[in-house]
Amino acid sequence: MCSYENDSAMTLSTTDETFFSDDNFANKRMLEKKNFLNTGIILKYTVHKWKKRAFIITVSLLMVFAIFLVVAYLFSKTKLLAGNSKRSFQNDSCNNSQCTLQIVETLPPILEFNNTHDSISQHWLYMINNAKSRIDILSFYWTLKSSDVPGGPYTQAEVGEKIFDALKNSAKNGVKVRIVQSLPNDQYPDLNTKELAELSNVEVRSLEMTRLVNAGILHSKVILVDQKNIYIGSANMDWRALTEVKEIGLVLYNCSCAADDLQKIFETNWMLSESGATIPSKWPQKYQTIFNKDRPMLTHINNVLSKLYWSTSPPEFCPPNRSSELSSILDLINAAKEFIYISVMDYQAAIIYSRPQTFWPVIDDALRGAVYNRNLTVFILSSLWNYTSPDQIAFLKSLNEFGKISRNNSSLQVKMFKIPSSSIPYTRVSHNKFMVTDNSALVSTSNWSGDYFVSTGGVSLVFNQTGFASPNNVQDKLKKLFLRDWTSRFALNIDKL
C-alpha cells in the first residue's frame, strides 16, 4: 500500500487534460474522498496522541505532587521530633558549629601524673558563672559544703562551697535553675538543694525510682547550661568529687545540636519527677529523638568530623528511638575490631541491689565473646578501696582467668586501681565510668552491674572520631588517659590480690 504522501504526489503530477476527462473526473472524486478519509485518520491519530500525552503529563504531575506531600510530611515530622527545644537539628548548622569537647578530671593530690587535664571544678564554675538564662542539673545527691560531711571542718571543701555560691548568685541574677535529684534519704538528706529551693528562680524535684520501676536511684551527673554548654561524667555534686576522688568527665561548649538532644533527656526526667507522674504508655513527640546508635548525629567537634549520640537508663526512660545505655555498651563491644579498654569503679555480672540478687551476665558474655571469638584485646581497670565487694573481686578474677586461655593474639586482663586512703570518709577511689575502643568511646554516669542498666537512672555520651589524626581527637586522648592509669603504680594485677 502506498503512503499518504505518495497518493498526494501522484495527484499533483497529472496533466490538466487528463485531469478533466470523464473517467479521471470520477477518479478525482475518489481521490478527494480518499484524501478526506486519510485526513480524518490523521486527525484522529493526532487527537489520540495528544490525549495520551495529556494523560502522561497528568500522571507525572500527580506523582510530583505526591512526592512533595511525602517530603513535606517527613520534614514536618522531623520538626516535631525536635520537641520544645529552641532549635532543631535541621535548622542548626551543626557541621559548621564551633562545638568543642574536652576531657576534665579530678585527681587526688597523691596521684602525681605528668599527663593531666583541666579540673572538673574549674569548668563547673566557668559554666555556672557564665550562664545567661538557664541551668538544668541531673544529680544523685548534694554535699557541696564542708558541714555536709561528718568529721569536719574540711579546708578541701572550699571549692564545693564556691560552686554552691555560684549557683545561688546565678539564680539571684535571673538565671532559672532546675534540679532533678534522687529521692533524699537519711544518708543523703540533700540540705544544699533545700536551701537552693528557697530562691525564687530555683526549682527542685526528686525522682522516685522505686515508684516508677520498683527499684533503683537516679545516678546521673549532668549539667546543661543555656542549651549549649554541657558537663557529663562521674563526679557527683560533692566537694569530695572535686578534690579527693578520682573522677572523669567531658565538657562541651557551644554544642547546640548535642545540647538540644540532651535537653530531651533532662525534660524526660523532669516530667517523671513531677508528683504523681507515670511513665507514658505512648511518649509525646517532644521527648522523642531521631539520634541513636543506628543513626548518630554528624557534627564537627574540635574541627574533627564526629558522630555522637546520647543514651540513657533504665529502658523504661527511653522514648521511641532513644538508645539505652546497655544497648550502647553492647554495640561498642560488638563493633570493636582491635581493643576494648574499660575503666569503671564497680563491675559485677549480677543484679546486686535488689533482692533476691540474680546472675546477670549480659556484658560479661559480650566481653568473653569479643576475646574468644574475635581475638580482641580487652583491658578492664576497676577500683579497689575499703568498700569493694568480695563478689566484685571474684567476678573480675573469673574474667582474668578466662583471658589466660591461649587463643591466637587475644587478651583479657584485669587490674585494680588502688589509691592510698585518707581520713576523709568515702574518698580516695577511682570513680571513673568510661570505655574506649579502636573506633568509639563512651563516657557515662553508670557503674557496671546489672542494676545500673535495669532500674537506675543514668546517661552516656557515645562518640566516634575514628580515622581523624588530629591533636584535637578526644577519642585518642581518652585512650591515652586509660593507658596512663593502666601503666601507673596504682594499677595492681588482680592475680596478686
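Just so you know, these numbers come straight off a predicted model, no measurement behind them.

Comments concerning the overall build of the chain
- The helix and strand inventory of the chain stands at 13 helices and 22 strands.
- The buried share among the 497 residues of the chain stands at 51%.
- For the chain, the proportion of contacts with a sequence separation of at least 24, taken over those separated by at least 6, is 78%.
- A total of about 23,900 Å² of accessible surface is found on the chain, and carbon and sulfur atoms cover 55% of it.

Brief notes about the packing of helix 9 (residues 325-335) against helix 10 (residues 362-374)
- Close contact between helix 9 and helix 10 brings their axes to 10 Å; oriented N to C, the two are set at 10°. By the angle class used here, helix 9 and helix 10 are roughly parallel. Residue-level contacts link Leu326, Ile329, Leu330, Ile333, Asn334 and Ala335 of helix 9 to Val362, Ile363, Ala366, Leu367, Ala370 and Arg374 of helix 10.
- Taken together, the residues of the contact of helix 9 with helix 10 sort by class into 10 nonpolar, 1 polar and 1 charged.

Considering the environment of tyrosine 141
- When you line up the elements, tyrosine 141 lands in the loop between strand 3 (134-139) and strand 4 (142-143).
- With 95 residues separating them along the chain, tyrosine 141 and asparagine 236 place their C-alpha atoms 6.9 Å apart.
- Setting aside residues up to four positions removed in sequence, tyrosine 141 forms contacts with Tyr188, Asp190, Asn236, Met237, Asp238 and Arg240.
- Only 2.6 Å separates the side chain of tyrosine 141 from the side chain of aspartate 238, close enough to count as a polar contact.

Re the state of the cysteines
- Tallied over the entire structure, the rule returns 1 disulfide.
- The disulfide partner of cysteine 99 is cysteine 255, and the S-S distance across this bridge is 1.8 Å. Residues cysteine 99 and cysteine 255 are joined through a disulfide that is right-handed, its torsion about the S-S bond being 85°. Taken together, the positions of cysteine 99 in the loop between helix 3 (22-81) and strand 1 (100-106) and cysteine 255 in the loop between strand 10 (247-253) and helix 8 (256-272) put the pair 156 residues apart, joining distant regions of the chain. Just as cysteine 99 is buried, cysteine 255 falls in that class too.

Description of helix 11 (residues 390-402)
- With 13 residues, helix 11 should cover 18 Å at 1.5 Å per step; its first-to-last C-alpha distance of 19 Å lies within 8% of that length.
- Buried residues along helix 11 sit in contact with helix 10, strand 17 (377-383), strand 18 (411-417) and strand 22 (491-493).
- Of the residues that open helix 11, the one with a side-chain oxygen 3.1 Å from the backbone nitrogen of aspartate 391 is serine 389.

Description of the pairing of strand 12 (residues 304-313)
- Buried residues dominate strand 12, accounting for 8 of its 10 residues.
- Judged from the 5 bridges that link them, strand 11 (residues 297-301) and strand 12 form a sheet pairing that is antiparallel. Counted as the bridge partner of histidine 300 is leucine 305 from strand 12.
- The turn joining strand 11 and strand 12, which pair antiparallel and follow one another in sequence, is formed by 2 residues; a positive phi near 55° is taken by asparagine 302.
- Bridge count for strand 12 against strand 21 (residues 458-464) is 7 bridges, and the pairing is antiparallel. When the sheet's bridge partners are listed, lysine 307 is paired in strand 21 with asparagine 464.
- In this sheet, strand 13 (residues 323-324) lies alongside strand 12 in parallel orientation, the contact comprising 2 bridges. Opposite threonine 312, over in strand 13, you have serine 324 as the bridge partner.

Considering helix 4 (residues 120-129)
- Three or more residues of helix 4 are buried, namely Ile120, Ser121, His123, Trp124, Met127 and Ile128. In a view along the axis of helix 4, the buried residues occupy a sector of 165°, so they form one face of it.

Remarks on the UniProt feature "domain: PLD phosphodiesterase" (unreviewed entry) in the chain
- Annotation from UniProt places "domain: PLD phosphodiesterase" (unreviewed entry) at residues 214-241 and 426-452.
- Secondary structure across residues 214-241 comprises 0% helix and 39% strand; the distance between its end C-alpha atoms is 29 Å.
- Taken as a whole, residues 426-452 contains 7% helix and 33% strand, while its terminal C-alpha atoms sit 20 Å from one another.

Remarks on the sheet that holds strand 2 (residues 118-119)
- On the basis of which strands lie adjacent, the open sheet formed by 8 strands has the order 2-1-10-8-7-3-5-6 and mixed pairing. Taken across any chain shown, the strands that pair with only one partner, and hence form the sheet edges, are strand 2 and strand 6 (202-207).
- Across 2 bridges, the pairing between strand 1 and strand 2 is parallel. Across the sheet, glutamate 105 pairs through a bridge with serine 119, a residue of strand 2.
- Those strands touched by helix 8 are strand 3, strand 5 (176-182), strand 6, strand 7 (222-225) and strand 8 (229-233), and its axis lies near 60° from that of strand 5.
- This element, helix 13 (residues 474-486), spans strand 1 and strand 10 of the sheet and lies at about 15° to strand 1.

What to know about the environment of tryptophan 486
- For tryptophan 486, the position within the fold is in helix 13.
- In the structure, tryptophan 486 is positioned 69 residues away from phenylalanine 417 in sequence and 8.1 Å away in space, judged by C-alpha atoms.
- If near-sequence neighbours (up to four positions away) are discounted, tryptophan 486 is found in contact with Phe379, Ile380, Leu381, Gln413, Val414, Lys415 and Ala491.

Here we look at the pattern of salt bridges
- Within this structure, the stated rule accounts for 18 salt bridges.
- One salt bridge in this structure joins glutamate 195 and lysine 168, with 3.2 Å as the shortest N-O distance. With glutamate 195 in helix 6 (residues 191-196) and lysine 168 in helix 5 (residues 158-172), this pair connects stretches of sequence that are 27 residues apart.
- Judged by relative accessible area, glutamate 195 falls into the partly exposed class, the value being 27%.
- Ionic pairing is found between aspartate 495 and lysine 404, a salt bridge with its closest N-O pair at 3.2 Å. Of the two residues, aspartate 495 is situated in the segment after strand 22 and lysine 404 in the loop between helix 11 and strand 18; the sequence distance between them amounts to 91 residues.
- The class of aspartate 495 is partly exposed, set by a relative accessible area of 42%.
- Its relative accessible area of 48% is what places lysine 404 among the partly exposed residues.

Describing the packing of aromatic side chains
- Under the criterion given, the structure shown has 23 aromatic pairs.
- Taking the centre distance of 5.7 Å and the plane angle of 85° together, the rings of tyrosine 126 and tyrosine 253 count as edge-to-face. Taken together, the positions of tyrosine 126 in helix 4 and tyrosine 253 in strand 10 put the pair 127 residues apart, joining distant regions of the chain.
- Of the residues examined, tyrosine 126 reaches a relative accessible area of 48% and is grouped as partly exposed.
- Grouped by ring-pair contacts, the aromatic residues Phe339, Tyr341, Phe379, Phe434, Phe482 and Trp486 constitute a single cluster.
- The ring of phenylalanine 417 has lysine 246 sitting right over it, with the charged end atom 5.4 Å from the ring centre.
- Across the ring face of phenylalanine 402, the terminal group of arginine 368 is positioned such that the distance to the ring centre comes to 5.1 Å.

Scoring rules and cut-offs
- Residues numbered from 1 in each chain as written.
- Predicted model: local features only at pLDDT ≥ 70, side-chain atom pairs only at ≥ 80, totals over all residues.
- Heavy atoms only, no water.
- Helix = DSSP H or I, 4+ residues; strand = E, 2+ residues; numbered from the N terminus.
- Buried < 20%, exposed > 50% of the residue type's maximum accessible area, 1.4 Å probe, protein only.
- Contact = heavy atoms within 4.5 Å.
- Areas by Shrake-Rupley, 256 points an atom, 1.4 Å probe, with all protein chains shown as cover.
- Axes fitted to C-alpha atoms, helices over the stretch in contact; angles between N-to-C directions.
- Parallel < 35°, antiparallel > 145°, perpendicular 65-115°, else oblique.
- Nonpolar A, V, L, I, M, F, W, Y, C, P; charged D, E, K, R; others polar.
- Polar contact = N/O pair within 3.5 Å; in protein donor to acceptor, adjacent residues only side chain to side chain.
- Disulfide = S-S within 2.5 Å.
- Expected span 1.5 Å × (residues − 1).
- Pairing = 2+ DSSP bridges.
- Arc of directions from axis to C-beta.
- UniProt positions renumbered as here; feature names shortened; annotations may be inferred.
- Salt bridge = Lys/Arg side-chain N within 4 Å of Asp/Glu carboxyl O.
- Phe/Tyr/Trp six-rings, centres within 6.5 Å; stacked < 30°, edge-to-face > 60°.
- Lys NZ or Arg CZ within 6 Å of the ring centre and 35° of its normal.

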